[in-house]
Structure formats: C-alpha cells, structure tokens
Amino acid sequence: MHSWKRKEGVHSEFLRLAVAHYQPVASAALGGSLFGSVCQIAACKGQPSQDFFQEEFTVLLFSCCSLVHESISTIATTPQLSALLADSARIMETAASLMNRFKEPVDANIKDSEGWWDGLVDFEHSAQERLKEALSSFGTAFSLLAEAGCPGSHTPPR
Amino acid sequence: MDIYHKFGSRWFCLRMLDSLNEQCLVLNKLEQQADERVRRLLPLISAISGTAHAIGLLRGDCLLNDAYVLARLLSERVITVCCLALDYPTDATASVKVQSPAPQAAPFVSSAMDLVDLGKSFRFVETYDSQELERKLAFLETKRGRSQ
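A short tour of the structure in this document, coming up. This one's a predicted model, so the numbers in the text were calculated from it and none came from an experiment. (Residues numbered from 1 in each chain as written. Chains lettered and ligands numbered in written order. Predicted model: local features only at pLDDT ≥ 70, side-chain atom pairs only at ≥ 80, totals over all residues.)

## Some remarks on the overall build of chain A
Okay, step 1: Helix and strand content of chain A: eight helices and zero strands.
Okay, step 2: For chain A, the sequential pattern of α-helices and β-strands runs α-α-α-α-α-α-α-α.
Okay, step 3: Each of the 158 residues in chain A was classed as buried or not, and the buried ones make up 20%.
Okay, step 4: Here the analysis covers contacts within chain A between residues at least 6 apart in sequence; of these, 46% occur between residues at least 24 apart. (Helix = DSSP H or I, 4+ residues; strand = E, 2+ residues; numbered from the N terminus. Buried ≥ 20, exposed ≤ 12 C-beta atoms within 10 Å, placed from the backbone. Contact = placed C-beta atoms within 7 Å.)

See the structure below:
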C-alpha cells in the first residue's frame, strides 16, 4: 500500500504534482461574470460539508508542509544549518505519520452528530495556543522537577 | 484520546496546521542565519514563509479556493527558491533582457472603459509558464539527482 513516507532521490514529480493539483473551483474563479454567478448559484444548492473542508485543508496543509520542507532541505545543506534541517525533517515525519492515519478507520460506535467533540477540539487547541507561550518560561523548571520526581508528590490523590 | 479522531476531523486539520506553522518557524530561523546563500535568497524565503502562514489563516474561514490559489503560488515560489539555491542558470533571462525592446510609456487612458480594458490585460499575466516550469524541474532533477 502506498505510504506518505519520504523517499530518497529526486522530488520533481512531487513538485509537478503540486503545481498541477492546486486549481480553484471553476465556478469561483469565474466569479464576477454572469456565467460565473449562475455557476455559483447552481453550486450553492449542494453545500459541501464541514468534513469536506477539513479533509481538503488537511491534505492541502500537508502538501504545503512538504513544500516548505523541500525548500529548507535544498537551502540548508551546509553543516551550520544541519540542526534546522533536522528540525524540519522531524516535523515532516510527524506530519507524515499523522497523514498515514487517514487509512485507519474510526470505530463505528463513535459519533458526533451534535458537534460537541469538534467544539472540545477547538477549545483544546485555543487553550494550548494561549497557554503555550505563558508556560514556556516554566518549561525547564517543570522538566527538572519531573526528572527529580517532585510533581508526583504534589498530585492530588485519586 | 487522539486515537478517536478520524481523518477529516477538525482535530486532524489543526494538528496538520501546527506542523505547517512549525515548518514556518524553522524557515524564520533560517532567515536569521548569517549564511551568504541564505542572505541571497532572503526575500523569497520570507515570501514562502508568509504565503504558508496565509494558507493556514485561510483555514479558519474555510476559504478553500483562496487557499488553493496561494498554494499554487507557494509551489511556484518553492520551485524558484530551489532552483536559485542550486544556481539556476540565468543566461536565458539575461538574453531575454538584452533582446527585449526598450520600455514604452504607459498608454494614455481616456475613459473608464479604457481603464477596464487596460485592467484586463494586467490580470493573470503572471500565470505559470509551463515551458519554464519544465526547464526548472529538469534542472532540479539533474542537480538533486547528482547531489543525492
């Protein structure tokens, strides 16, 4: 089965694919003309679902991530920039392993018809974004405490 | 809990967005390096970083078409930066510059309709030149194939 795992060698096929792939929907590109407006009205009859946008954006963001990694790996070839290249490769690995999960089906029992789960995801992401910077200065202290085994003694009993 | 998220969920998309943002941060760190080659490519590197960031922002409003357009721009910029980083021969560009006629003065616009017509000629002028694309990709193929 095909995998997103990065292969050694030339990536011109990937770049060719990237250029060929990104085409806006024709009805939106024609927006402004009479014909375009008619097309858009016709297209509005069946609004794509939220899942459709998330799927499309996930693939789009992944390929953008690959493109940025491609540029970094081409530029950062000197030994002084090897740390940045390693960082970029690590991020790319994370994104690729996440992308590989699209093949794994979710249990049929899990349903989110009310959208609560998505709401929680938004809250979680927003909280992470807000707290990440505020807590970053305590990062070293936390890791030192964790190494020393101190946080375990302060956790409330279950 | 992550195992409960399926492909196409918002969580999945946000994680991918995080990866792209992290790649942009690496690109920003690259910009700050005192490397001569990096300095030469600095405007284009900034442009790639900005375009990638903009694509991420468009996700919030579900502006998929706009994101596609920017992604197309991003791919063109990445191909260009890769070519320039590998010393893409610019003699063709130089010869074009030599052969091109002297720049002419902008035509005088007498009415609003003329202005609209003039605007039409400016639109989509910078669409991708497929011949140049093939040249660039062939160049990358040769260079990267040799280096790896």
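## Here's the deal with the overall build of chain B
Okay, step 1: Helix and strand content of chain B: seven helices and zero strands.
Okay, step 2: In chain B, which comprises 148 residues, the share counted as buried stands at 31%.
Okay, step 3: In chain B, 58% of the contacts between residues at least 6 apart in sequence involve partners at least 24 apart.

## Focus: the nonpolar core
Okay, step 1: Core analysis: the largest hydrophobic core is formed by 47 residues, its most contacted members being Leu61, Cys64 and Val68 of chain A together with Met16 and Leu74 of chain B.
Okay, step 2: Counting residues per element, the ones that place at least two in this core are helix 4 (50-75) and helix 5 (82-100) of chain A together with helix 1 (10-31), helix 3 (42-60), helix 4 (64-85) and helix 7 (130-147) of chain B.
Okay, step 3: With sequence-adjacent residues up to four places away left out, Cys64 of chain A is seen in contact with Leu20, Ala52, Ile55, Ala71 and Leu74 of chain B. (Core = buried A, V, L, I, M, F, W, Y, C linked by C-beta atoms within 7 Å.)

## Regarding the packing of helix 5 of chain A against helix 1 of chain B
Okay, step 1: Relative orientation of the contacting elements helix 5 of chain A and helix 1 of chain B amounts to 170 degrees, with a least axis distance of 10 Å. Taken together, the axis directions place helix 5 of chain A and helix 1 of chain B in an arrangement best described as roughly antiparallel. For the pair helix 5 of chain A and helix 1 of chain B, the contacting residues are Leu84, Asp87, Ser88, Ile91, Thr94, Ala95 and Leu98 of chain A in the first and Arg15, Met16, Ser19, Glu22, Gln23, Val26, Lys29 and Leu30 of chain B in the second.
Okay, step 2: For the contact of helix 5 of chain A with helix 1 of chain B, the residue count by class is seven nonpolar, four polar and four charged. (Axes fitted to C-alpha atoms, helices over the stretch in contact; angles between N-to-C directions. Parallel < 35°, antiparallel > 145°, perpendicular 65-115°, else oblique. Nonpolar A, V, L, I, M, F, W, Y, C, P; charged D, E, K, R; others polar.)

## Considerations on the packing of helix 1 of chain B against helix 3 of chain B
Residues and elements named next belong to chain B.
Okay, step 1: Here helix 1 crosses helix 3 at 160 degrees, and the two axes come no closer than 10 Å. With respect to each other, helix 1 and helix 3 are oriented roughly antiparallel. The two elements helix 1 and helix 3 meet at a crossing, and its hand is left-handed. For the pair formed by helix 1 and helix 3, the contact residues are Cys13, Leu17, Leu20, Asn21, Cys24, Leu27, Asn28, Leu30 and Glu31 on the first element and Leu42, Ile45, Ser46, Ile48, Ser49, Ala52, His53, Gly56 and Arg59 on the second.
Okay, step 2: Tallied by class, the residues present in the contact of helix 1 with helix 3 amount to 10 nonpolar, six polar and two charged. (Left-handed = near helix turned anticlockwise from the far one by under 90°.)

## Some thoughts on the environment of Ser75 of chain B
Residues and elements named next belong to chain B.
Okay, step 1: With respect to the helices and strands, Ser75 occurs in helix 4.
Okay, step 2: Among the residues examined, Ser75 registers 27 C-beta atoms within 10 Å and is labelled buried.
Okay, step 3: Counting along the chain gives 27 residues from Ser75 to Ile48, while the straight-line C-alpha distance between them is 8.9 Å.

## Thoughts on the environment of Ser88 of chain A
Okay, step 1: Position of Ser88 of chain A among the secondary structure elements: in helix 5.
Okay, step 2: Ser88 of chain A sits 23 residues away from Cys65 of chain A along the chain, and the two C-alpha atoms are 9.5 Å apart.
Okay, step 3: Not counting chain neighbours up to four residues away, the residues in contact with Ser88 of chain A comprise His69, Ile72 and Ser73 of chain A together with Gln23 and Val26 of chain B.

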